[in-house]
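# Report on the structure
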Amino acid sequence: NITGTAFVMYYQGVPYIVTAKHVLETENPAIHFLLKNGQGRSFGTSYFNALGLDWIKHDTVDVAAIPFHMALQAIKPLHIFFIKEEWWNLELNIKAGNFVKHLGYPDKDTTPFPDGSSSMVGIGMVGKVLSVTSNEIRLRTSAHLGASGGPVFVKSTTGPCLIGVASESDVLANKSLTEGEYLGKTTVVPIKYVKELLDSDKMQKQYLNRSITEDMF
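Residues numbered from 1 in each chain as written. Predicted model: local features only at pLDDT ≥ 70, side-chain atom pairs only at ≥ 80, totals over all residues. Heavy atoms only, no water.

### Quick notes on the overall build of the protein chain
Helix and strand counts for the protein chain come out as 4 helices and 13 strands. Among the 217 residues that make up the protein chain, the fraction classed as buried is 48%. Summarising the internal contacts of the protein chain: among those between residues at least 6 apart in sequence, 65% fall at separations of at least 24. Counting every atom, the protein chain has about 10,900 Å² of accessible surface; 50% of that belongs to carbon and sulfur. (Helix = DSSP H or I, 4+ residues; strand = E, 2+ residues; numbered from the N terminus. Buried < 20%, exposed > 50% of the residue type's maximum accessible area, 1.4 Å probe, protein only. Contact = heavy atoms within 4.5 Å. Areas by Shrake-Rupley, 256 points an atom, 1.4 Å probe, with all protein chains shown as cover.)

See the structure below:
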């Protein structure tokens with residue numbers, strides 16, 4: 001079994017579930033949501049298939065998404081943090097040394113950025129940017145196995161700033177820090193590739209052809 005992370009984001013008024021493509025490399029991968037009452041509920045790929053929906057995978061990078069078009073009464077009990085489109089950082093105006101926070105399973109840490117400032121994101125694993133190219137961002141983080149597919153935010157004074165999706169994490173040691181250095185490395189797929197996927201003909205056609213009722217449960 002593969003354990004990873006996924007998140008829900010809005011794009012042009014439509015909610016999507018986004019994750020890393022490799023997280024789905026298992027039979028009938030399922031999304032597990034926490035309910036507001038503390039319990040959980042899982043939705044397998046077969047559940048979404050019954051609605052005419054399926055995971056769409058990017059052809060070249062480690063990103064996948066599926067429309068999260070469910071009846072309102074189905075969504076309301078779920079404990080979901082929706083990422084807004086205005087939080088995206090498509091320009092990648094970041095550089096080595098910038099502080100980041102990476103949300104993902106199984107970390108529930110509330111540690112602020114190393115300089116003591118608030119992350120503006122409630123939970124996550126902190127780190128720093130190592131390098132930036134047009135195709136990928138490399139981080140030094142306190143990441144764990146299972147965090148692949150999670151959103152990565154860069155420190156910003158104006159609000160949450162999403163830079164991409166965690167692809168691969170090399171956990172070099174446990175979460176402890178030595179002289180302020182993080183002991184894991186994470187590769188991030190820039191958010192522009194998520195936009196590219198959501199704009200694709202395959203994704204748009206699937207959303208328009210979806211089948212949904214208001215009494216799914």
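Once the structure has been displayed, the description carries forward.
### Here we look at the packing of aromatic side chains
What the rule picks out here adds up to 5 aromatic pairs. Measuring from centroid to centroid gives 6.4 Å for Phe43 and Phe48, while their planes differ by 55°, and the two rings are tilted. In this structure, Phe43 and Phe48 share a single accessibility class: buried. (Phe/Tyr/Trp six-rings, centres within 6.5 Å; stacked < 30°, edge-to-face > 60°.)

### Let's talk about the pattern of salt bridges
This structure, assessed with the given rule, holds 3 salt bridges. For the salt bridge of Asp199 with Lys195, the shortest nitrogen-to-oxygen distance reads 2.9 Å. Residue classification places Asp199 among the partly exposed residues on the basis of a relative accessible area of 34%. Looking at Lys195, the relative accessible area reads 28%, which means it is partly exposed. (Salt bridge = Lys/Arg side-chain N within 4 Å of Asp/Glu carboxyl O.)

### Quick look at the nonpolar core
With 24 residues, the main nonpolar core has Met9, Val18, Val63, Ile83, Trp88, Val194 and Leu198 as its most contacted residues. Only strand E1 (6-11), strand E2 (14-19), strand E12 (162-171) and helix H3 (191-198) provide two or more residues apiece to this core. It is H3 that contributes the most residues to this core, 5 residues altogether. Ignoring any residue separated from it by four or fewer positions in sequence, one finds Val194 in contact with Met9, Val18, Val63 and Val165. Within the second largest apolar cluster, 14 residues are counted, among which are Ile17, Phe48, Leu51 and Leu78. (Core = buried A, V, L, I, M, F, W, Y, C linked by side-chain atoms within 4.5 Å.)

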